[in-house]
Amino acid sequence: MDQSDEKLDVIIFGASGFTGKYTIYEGIKLLDGLKWGIAGRSREKLRQVLGEVEKKADRDLSEIPMILSDLKDETSLRKMAERCKVLINCCGPYRFYGEPVIKACIAAGTHHVDVSGEPQYMERIQLEYHQAAQERGVYIVSACGFDSIPADLGTVYTEREFDGVVNSIETYLELKSSVPYDGGAVLHFGTWESAVYGLAHADELRALRTALYKTRLPHFQPRLKNRPLVHKTKHVNNWWAMPFPGSDRSVVMRSQRHFYDNEKKRPIQMKAYVAFESLLHVIGVAFVAIVFAIMCRFNFGRKLLLKFPKLFSLGSVSHEGPSERSMENTQFAIYFNGQGWDKAEKLLEPSDQYKSPPKKRILTKVSGTNPGYGATCVALILSATTILHEHKKMPGNGGVYPPGAAYAKTSMIEKLCENGFKFEVLSKAE
């Protein structure tokens, strides 16, 4: 059904894809009471995905509007954007497919959220479209899924609970399954593809950041140093930890830069790690990562990685993605180890330096289920509805933002806690 004159609150674009399908499923509950529709280039595929979700949810979705829109057709993108107040964009990799949708949304005066975990794409969009989005009163927010809502809003939450000035945060990601490993994939091909191109073009970031931030931050002391490449962490049951290669750190750093530039707050230094129970697991992941990094440097290597994802990921990536059983029984937790100073020691200017070492500590945790798709889609939809209902609490009058900067003053954290996430303080020490 498609009522072409009806203005919708939300449209899910790329609805027939893997992430899009699960976004529709979560939308049945989270978009209840709102006018929403789905969009894609094939009516047949849209009907098919609605049918699949209908069976799973045991709900009649025949009245959900279907809008045809093709990434190669600017007019169709513009018409789709004009049909809604907020567009949820599930069409990645965003490096290739994101920009035309952003342009259409800004032209139409429509807000836009997505689940990009691609730092080069996000930072280039901020550089090139922030002013245009501000002028149109449009919010463009990327990284609204597992990359990087838990890390970015978890940092905001940790600072909120710290009651002082946070100098640094180290995050540790823990993934667990409550069922035995079924031998299937743990990631969908789309995530792998984004990672291939992201790493291949990582050298673009330095020039992008120089253009994005005209002035450098002061050298805040003490500097947060890197941990050893592989180390044990007491924060995650004495598991083995190694640097986390995702976009969390770059997204958190952009939010912290926003708070420094616009609210005169000392930016929090941040390092991200991922923890594994066994050293053997660490060695396996490190082997895949090294091979992946080497092959991403060459065009022929990238073609092989994309042609044989299951082989080069040792079975963890497939075009079908993880099974429903595997996803629904996967739990995640991110631990935030924060250090800083008591509020009584607060300095006059954010660029001032402390003469005493940071002695105050906090350990917080953000946790949930099905990080890759369930939690991702919940966070994505809540990102859209928060803009709908609380845009007056968001920075400026529009613009391109990471989620921490965009949603810090809204009720986003509380909404996440009502829908499967848990934000909690584990310990504090003076």
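On a predicted model such as this, the values are computed, not experimentally measured, just so you know.

Novice: Is there a simple way to think about the sheet that holds strand β9 (residues 231–233) in this case?
Specialist: Hydrogen bonds between backbone groups are what pair the strands of a sheet, and the pairing can be parallel or antiparallel. One open sheet holds the seven strands; their spatial order is β9-β10-β11-β7-β13-β14-β16, and the pairing between them is mixed. The open sheet has two edge strands, β9 and β16 (422–429), and neither has a second partner. Sheet twist, expressed as the average angle between the axes of neighbouring strands with direction ignored, equals 30°. Taken strand by strand, helix α15 (residues 371–390) contacts β7 (164–177), β13 (330–342) and β14 (360–369), and its axis lies near 65° from that of β13.

Novice: Mind showing me how you'd approach the nonpolar core here?
Specialist: A general feature of soluble globular proteins is that nonpolar side chains tend to end up buried together. Ile24, Ile38 and Tyr407 are the most contacted members of the largest nonpolar core, which has 78 residues in total. Here the element with the most residues in this core is α15; it accounts for nine residues. The contact partners of Ile38, leaving out residues within four places of it in the chain, are Ile11, Ile12, Ala15, Ile24, Leu46, Leu50, Ile64, Pro65, Met66 and Ile67. Within the second largest apolar cluster, 15 residues are counted, among which are Leu8, Ala39, Leu77 and Met80.

Novice: Looking at this model, I keep getting lost on the side chain of Asp152. Mind explaining?
Specialist: Mapped onto the secondary structure, Asp152 falls in helix α7 (residues 149–162). Salt bridges are absent for the buried Asp152, whose nearest opposite-charge side chain, Arg254, sits at 7.2 Å. Within polar-contact distance, the side chain of Asp152 engages the side chain of Ser255 at 2.8 Å.

Novice: For this particular structure, what's the right way to read the side chain of Asp114?
Specialist: Relative to the helices and strands, Asp114 resides in strand β5 (residues 111–114). In this structure the side chain of Asp114 is engaged in a polar contact, spanning 3.0 Å, whose partner is the side chain of Ser142. In this structure Asp114 touches Asn89, Tyr94, Tyr121, Val141, Ser142, Ala143, Cys144 and Leu380, once residues within four positions along its chain are discounted.

Novice: I keep staring at the packing of α7 against helix α10 (residues 248–263) and nothing clicks. Help me out?
Specialist: In a packed pair of helices, the relevant descriptors are the angle between the two axes and the axis-to-axis distance. Their axes nearest at 8 Å, the elements α7 and α10 cross at an angle of 40°. When the axis of α7 is compared with that of α10, the two are oblique. Here α7 and α10 pass one another in a crossing that is right-handed. Across the interface between the two elements, Ala151, Asp152, Thr155 and Val156 from α7 touch Asp248, Val251, Val252, Ser255, Gln256 and Phe259 from α10.

Novice: I keep staring at the pairing of strand β10 (residues 239–243) and nothing clicks. Help me out?
Specialist: Regular strands have side chains that alternate between both faces of the sheet. In the sheet, β9 pairs with β10 via three bridges, with the strands oriented antiparallel. Bridged to His231 within β10 is Ala241. In sequence, β9 turns back onto β10 through a hairpin of five residues, with Asn237 there showing a positive phi of about 55°. Where β10 and strand β11 (residues 269–276) come together, four bridges link them in antiparallel fashion. Looking across to β11, one finds that Ala241 is bridged to Ala275.

Novice: For this particular structure, what's the right way to read the packing of helix α6 (residues 119–136) against α10?
Specialist: At a minimum axis distance of 10 Å, the contact between α6 and α10 shows a crossing angle of 25°. Accordingly, the angle class assigned to the pair α6 and α10 is roughly parallel. In this structure, α6 crosses over α10, and the sense of that crossing is right-handed. Between α6 and α10, the residues in contact are Pro119, Met122, Glu123 and Gln126 and Ser250, Val251 and Arg254, respectively. Its residues assigned to classes, the contact of α6 with α10 comprises three nonpolar, two polar and two charged.

Rules behind the numbers
Residues numbered from 1 in each chain as written. Predicted model: local features only at pLDDT ≥ 70, side-chain atom pairs only at ≥ 80, totals over all residues. Heavy atoms only, no water. Pairing = 2+ DSSP bridges. Helix = DSSP H or I, 4+ residues; strand = E, 2+ residues; numbered from the N terminus. Axes fitted to C-alpha atoms, helices over the stretch in contact; angles between N-to-C directions. Contact = heavy atoms within 4.5 Å. Core = buried A, V, L, I, M, F, W, Y, C linked by side-chain atoms within 4.5 Å. Buried < 20%, exposed > 50% of the residue type's maximum accessible area, 1.4 Å probe, protein only. Lys, Arg positive; Asp, Glu negative; His and termini not counted. Salt bridge = Lys/Arg side-chain N within 4 Å of Asp/Glu carboxyl O. Polar contact = N/O pair within 3.5 Å; in protein donor to acceptor, adjacent residues only side chain to side chain. Parallel < 35°, antiparallel > 145°, perpendicular 65-115°, else oblique. Left-handed = near helix turned anticlockwise from the far one by under 90°. Nonpolar A, V, L, I, M, F, W, Y, C, P; charged D, E, K, R; others polar.

What is shown is where atoms sit, not what they do.
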